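Letter by letter, the chains look like this.
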Amino acid sequence: MRDLARDLACALVTVSQAYELLSARGRVISRVGKGTFVAPPPQTESPFSRRWEPDVSRFARAQRLDGVMERLTRATHPGAISLATGHPAPETFPLQDFGRAVHRTLLDDPPEAMQYRSSTGDTQLCETLAELLRGRGARAQSNDIIVCSGAQQAADLVATVLLDDRSVVASESPTYSGTLGVFDARGVTYVEVRSDDDGVRVDDVERVFSEYRPRLFYVNPIAQNPTGAVLPARRAKQIVALARRYDVMVLEDQTGWQLTYDAPAPQPLAAFDTDGRVIVMESLSKSIFPALRIGYLYARGAIAEALEVAKVRADVFTSTLTQRALWRFMNSPAYARHLRSSRALYRDRRDAFLDALATYLPWSAVRPPAAGVNVWLPLPPRISTQGAFDACAREGVLVMPAEPFYPTRTGPPALRLSFGHIDAATAREGARRMGAALRDPVEARELNGVVREQDE
Ligand SMILES: Cc1ncc(COP(=O)(O)O)c(C=O)c1O
């Protein structure tokens with residue numbers, strides 16, 4: 001690789017990414033300790049091949065969590081504690097208040113409200129969502145909003161409009177695997193941007209933008225999943241200026257901005273956008289409940305028109321019954337009450353879990369999350385993610401391995417631990433079991449199955 005980088009006068013990392021891409025596309029085969037070889041040509045299709053079968057290679061690319069879900073299912077047993085899911089706490093779901101809003105919708109709205117409706121969303125709900133963005137400095141109008149069936153659809157529409165298999169996507173790393181799965185399915189190439197305690201590093205954003213000129217930059221600035229970091233407004237402003245200078249579109253995932261613990265959420269990148277290059281997406285799954293399947297996009301200009309067309313093609317419009325009830329709920333005193341009590345519950349759970357980690361994994365260097373329900377646990381040198389996963393499963397605690405969160409699927413060994421959906425005592429017991437599984441890192445080197453078989 002070094003020779004090739006020298007011959008081509010490019011960075012070693014570029015050659016290494018090219019190898020990864022060729023490997024992901026099945027053009028080369030890497031053998032540990034032997035090298036990388038050109039793959040044999042694909043077998044020519046027989047004239048009787050079954051043309052109705054899907055192109056599995058495209059689906060395989062999209063299965064970021066595939067092996068992981070199987071491993072989690074295999075390790076699940078009665079009494080196991082899961083720190084793996086990142087789900088919100090069901091006891092926060094405002095079901096009675098939302099039930100009343102559904103009832104009122106069915107009684108008070110005219111029958112026409114349940115007719116085929118605008119594909120961009122219910123006008124009043126769009127206004128409520130735009131108002132929240134305006135309150136944070138963005139110049140959002142109700143007709144800049146597209147209500148989507150979850151943030152997952154929001155990401156999918158953006159990918160449909162902007163990306164194909166020639167696209168380069170810059171992304172913070174680690175980041176939310178659901179969005180990466182959407183981008184994977186388009187066959188994009190990733191360039192990773194480095195982060196620190198305050199989210200993505202501006203100097204690295206500049207390096208990546210100037211060196212790779214990506215089509216899109218994906219960033220999850222607040223309640224960053226998986227790290228819980230919060231990006232200060234100063235950085236958001238600098239990143240938007242860089243996006244303008246290098247002509248990069250930005251997709252900022254504002255999911256979780258309502259769940260900050262120590263201070264209100266900083267302004268979104270969209271607050272500093274002057275020319276419509278920043279698209280916002282947000283899921284209400286964490287701040288209200290996942291069964292709503294409501295998320296939205298905020299976009300302006302030509303891109304907004306293209307997204308609207310994509311939305312019509314995808315599913316015509318998102319359930320108006322849910323949208324109208326949500327509008328009622330969000331404009332009732334119950335909404336603020338719900339957010340206040342959810343934040344308090346998650347803050348208590350976070351503090352208790354951090355305490356337990358300090359007690360049972362004293363070597364752990366976790367950064368207390370400033371928002372959200374996840375903690376990122378970097379593993380000590382020589383403990384592999386797979387080994388840690390297996391050792392924890394043997395002790396009856398399920399954890400999320402790091403790889404799905406890395407855009408290129410490789411990175412330093414780490415685990416994501418989620419504390420939001422379980423009570424403090426259960427999380428404490430989970431941490432105790434992890435402590436028993438991983439013990440002291442020095443001792444852990446001796447543990448069967450925890451040590452990496454060889455240094456990669
Ligand atoms: C950062 C982030 N974005 C998007 C989503 C997806 O949300 P939805 O349930 O609306 O598809 C999640 C859910 O975990 C998330 O954490």
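Values in this document were obtained by computation on a predicted structure and should not be read as measured data. (Residues numbered from 1 in each chain as written. Predicted model: local features only at pLDDT ≥ 70, side-chain atom pairs only at ≥ 80, totals over all residues.)

Visitor: Would you take a moment to explain the site of the ligand for this structure?
Guide: What surrounds the ligand is a group of 14 residues, the closest being G150, A151, Q152, S283 and S285. Considering each element in turn, the shell around the ligand owes the most residues, three residues, to helix α7 (residues 150-162). A per-class count over the shell around the ligand returns three nonpolar, 10 polar and one charged. (Near = placed C-beta within 6 Å. Helix = DSSP H or I, 4+ residues; strand = E, 2+ residues; numbered from the N terminus. Nonpolar A, V, L, I, M, F, W, Y, C, P; charged D, E, K, R; others polar.)

Visitor: What should I look at first to understand the sheet that holds strand β11 (residues 278-283) in this one?
Guide: Pairing between sheet strands relies on hydrogen bonds along the backbone, with the strands arranged either parallel or antiparallel. Judged by pairing direction, the sheet is mixed, and its seven strands sit side by side in the order β4-β12-β11-β10-β9-β5-β6 without closing on themselves. On the outer flanks of this sheet lie β4 (145-148) and β6 (189-193), each paired with one strand and no other. When strand polarity is set aside, the average angle formed by the axes of neighbouring strands in this sheet is 20°. Where β11 meets strand β12 (residues 295-298), four bridges bridge the pair, whose relative direction is antiparallel. In the strand pairing of β12, S283 is matched with G295. Strands β4, β11 and β12 of the sheet are contacted by helix α6 (residues 123-134), whose axis makes an angle of about 115° with β4. (Pairing = 2+ DSSP bridges. Axes fitted to C-alpha atoms, helices over the stretch in contact; angles between N-to-C directions. Contact = placed C-beta atoms within 7 Å.)

Visitor: Can you help me understand the environment of Q386 in this one?
Guide: Mapped onto the elements, Q386 comes out in helix α14 (residues 385-394). For Q386, a count of 16 C-beta atoms within 10 Å gives the class partly exposed. The spatial distance from the C-alpha of Q386 to the C-alpha of A138 is 43 Å, given a sequence separation of 248 residues. (Buried ≥ 20, exposed ≤ 12 C-beta atoms within 10 Å, placed from the backbone.)

Visitor: Please explain the nonpolar core as it appears in this structure.
Guide: The biggest cluster of nonpolar side chains holds 116 residues, and the ones touching the most others in it are V250, I279, L297, Y298, C392 and V399. Here the element with the most residues in this core is α7; it accounts for eight residues. If we skip the residues at most four places from it in the chain, V250 touches F217, V219, A243, L269, R277, V278 and I279. (Core = buried A, V, L, I, M, F, W, Y, C linked by C-beta atoms within 7 Å.)

Visitor: Is there a simple way to explain the packing of α7 against helix α8 (residues 177-185) in this structure?
Guide: The N-to-C vectors of α7 and α8 enclose an angle of 30°; their axes lie 9 Å apart at closest approach. The angle between the axes of α7 and α8 places the two elements in the roughly parallel class. The two elements α7 and α8 meet at a crossing, and its hand is right-handed. Between α7 and α8, the contacting residues are Q152, A155, D156 and A159 on the first element and G178, T179, V182 and F183 on the second. Residue classes in the contact of α7 with α8 are distributed as four nonpolar, three polar and one charged. (Parallel < 35°, antiparallel > 145°, perpendicular 65-115°, else oblique. Left-handed = near helix turned anticlockwise from the far one by under 90°.)

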